[in-house]
Amino acid sequence: SFYKGLDHIQLKDGRDKVILNRDDASGFRLDTTYTHKQHKVLAHENNPELTTRTDFVNKYKSILQTTSYFFMTTESTPEACVGIVKPHKVYEKNPAQHGADFELLHTIPSLQHVLENKDVDCIRVDGATDEGPAHLEVQFMWTERHVKLAKKCTIVTSRYSGGSYLNSVELVKWLY
């Protein structure tokens, strides 16, 4: 009921809010969607394959890090999606890198309508150590943004951590 209340407040009118749902995957998964561990094709004509997500996950350590940013739709604002893909050996996955990536989004003209001149930040993340709201470095990064941009309110919540695809940003990752 707490999250239903937050959803009502956050998703009713987004004109004064950045409503961001962000997540990062451990690796870039496009190379895994073309094969199935049991068959050469995803489905045969008139015989669709029933598979699970893990059927498409690679068995080797991925070399690219992908972060998905999903600016959620409200009754007054449209949704926007963007992803950042980078080599994880050059750009290590950590709260400071996530902060730098988010600052980079502010330089993209097509995202200005969801980022600029908003008094409130509503940030939804998973509970991982590199982005969870309970971790001190994560709190510092969001507080720094809050102070630097003179926000009225910043809310960072952890929802549906790691799964069940109830978290809408989890679905965005598969659209790349």
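Cut-offs used in this document
Residues numbered from 1 in each chain as written. Predicted model: local features only at pLDDT ≥ 70, side-chain atom pairs only at ≥ 80, totals over all residues. Heavy atoms only, no water. Phe/Tyr/Trp six-rings, centres within 6.5 Å; stacked < 30°, edge-to-face > 60°. Buried < 20%, exposed > 50% of the residue type's maximum accessible area, 1.4 Å probe, protein only. 1 Å grid on protein atoms, 1.4 Å probe; cavity = no way out; pocket = protein on both sides within 12 Å on 5 of 7 lines; lining within 4 Å. Points joined across faces, edges and corners; volume = space filled by probe spheres on them. Helix = DSSP H or I, 4+ residues; strand = E, 2+ residues; numbered from the N terminus. Nonpolar A, V, L, I, M, F, W, Y, C, P; charged D, E, K, R; others polar. Salt bridge = Lys/Arg side-chain N within 4 Å of Asp/Glu carboxyl O. Pairing = 2+ DSSP bridges. Right-handed = clockwise from strand over helix to strand, strands pointing away.

Novice: Pulling in residues and values, what's your account of the packing of aromatic side chains?
Specialist: One pass over the full model with this rule turns up 3 aromatic pairs. With 5.4 Å between their ring centres and 65° between their planes, Phe2 and Tyr3 make a pair best called edge-to-face. Using a relative accessible area of 34% as the deciding quantity, one classes Tyr3 as partly exposed. Counting every residue linked through ring pairs, the aromatic cluster contains Tyr69, Phe102 and Trp142.

Novice: Residue-level account of the layout of surface pockets, with values.
Specialist: As a volume, the largest pocket reaches approximately 310 Å³. Every residue lining the largest pocket is counted, 16 residues in all, and those nearest its centre are Gly99, Phe102, Glu103, Met141 and Arg145. For the lining of the largest pocket, the secondary structure elements donating two or more residues are helix H2 (95–105) and helix H4 (136–148). When residues in the lining of the largest pocket are grouped by element, the largest group, 6 residues, is from H4. Of the residues belonging to the lining of the largest pocket, the class tally is 6 nonpolar, 3 polar and 7 charged.

Novice: Which residues make up the pattern of salt bridges, and what values go with them?
Specialist: For the structure on display, the rule yields 9 salt bridges. Lys152 is the salt-bridge partner of Asp119, the closest N and O atoms lying 3.6 Å from each other. Of this pair, Asp119 sits in the loop between helix H3 (112–115) and strand E4 (120–125) while Lys152 sits in the loop between H4 and strand E5 (153–158), and the two are 33 residues apart along the sequence. For Asp119, a relative accessible area of 31% translates into the label partly exposed.

Novice: Explain the environment of Asp130 to me, and be specific about the residues and the numbers.
Specialist: By the secondary structure assignment, Asp130 is in the loop between E4 and H4. The spatial distance from the C-alpha of Asp130 to the C-alpha of Asp24 is 9.5 Å, given a sequence separation of 106 residues.

Novice: How would you sum up the pairing of E5? Please name residues and give values.
Specialist: By the bridge criterion, 6 bridges tie E4 to E5 in an arrangement that is parallel. Note on E5: the bridge partner recorded for Asp121 is Thr154. For the segment spanning E4, H4 and E5, crossover handedness is right-handed.

These results come straight from atomic positions and should not be treated as a statement about function.
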